[in-house]
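Secondary and tertiary structure notes
Each chain, written out:
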Amino acid sequence: MNKLKKEFLQFSWRVTSLHMISYFIAGILAFVLMKYERQFATGNLSIIMKPTDSPWIAIAPALQIIRGFIISLVLYPFKDVFLSSKYGWLRLWLLIIGLSYFSTIGPTPGSFEGLFFTKFALSEHLLGVPEMLLYTFLFSFLLYFWYKKPSKTITITSIIFVILIMIMSALGALSGLGILKN
């Protein structure tokens, strides 16, 4: 395998797995601490969000493998900008926050532009901000750290976590479909 292809596959795995792991951790914490079950069932959020017992909500962490790969494709040409500098994780973190929160394509709920152009309450817009900040921080910092201190232990741990996320998501989706009984 040529060097460039191997480098891309390594980068892609790291981005994809860390995206999935960070997304899962931030999502679970937000679900519990921000009381998403209640929040998604009432007010404006009930109009746009699926209930938290939906099979789609359960399978979402597993489907992040697709999104993680897309993120790796987008970031790969710029990886040296944030992996080779002293505070590269901070550059990446600010880039992701800037593009995903402050510079959305439209006035989506929970975005900076959504604050001005939607009828959602300020509390509804701010509900997801802690989750977004935690996810983007974990992803950026862990990716940077993994490149600064590469090890087989981190690689094996990432594989185990991704497999567990996939299994838990599949079981949750089967439960949401009524195939598995609680």
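The coordinates are above.
Because the structure is predicted, anything quoted here is derived from the model rather than measured.

Focus: the pattern of salt bridges
Following the criterion strictly, the structure yields two salt bridges and no others. As a salt-bridge pair, Glu7 and Lys79 come within 3.0 Å of each other at their nearest N and O atoms. With Glu7 in helix α1 (residues 3–33) and Lys79 in helix α5 (residues 79–83), this residue pair connects regions lying 72 residues apart in the sequence. Overall, Glu7 belongs to the partly exposed group, its relative accessible area being 28%. Where Asp80 meets Lys79, a salt bridge forms, and the shortest distance between an N and an O atom there is 3.2 Å. Given the relative accessible area of 10%, Lys79 is considered buried. Three or more residues are tied together by salt bridges with common partners; here these are Glu7, Lys79 and Asp80.

Rules used in this analysis
- Numbers given for residues are sequential positions, taken from 1 along each chain in its written order.
- Per-residue local features are limited, in this predicted model, to residues with pLDDT of at least 70; the limit for side-chain atom pairs, both in listing and counting, is 80 or more; totals at the level of whole chains, interfaces and linings are taken over all residues.
- To get the side-chain values, all heavy atoms of the structure are used, and hydrogens and water are removed first.
- Salt bridges, as used here, are contacts in which a Lys or Arg side-chain nitrogen is within 4 Å of a carboxyl oxygen on Asp or Glu.
- Numbering goes from the N terminus for both helices and strands, where a helix is a DSSP run of H or I of at least four residues and a strand is a run of E of at least two.
- Burial status follows relative accessibility: with a 1.4 Å probe on protein chains alone, a residue under 20% of its type maximum counts as buried, one over 50% as exposed, and anything between as partly exposed.

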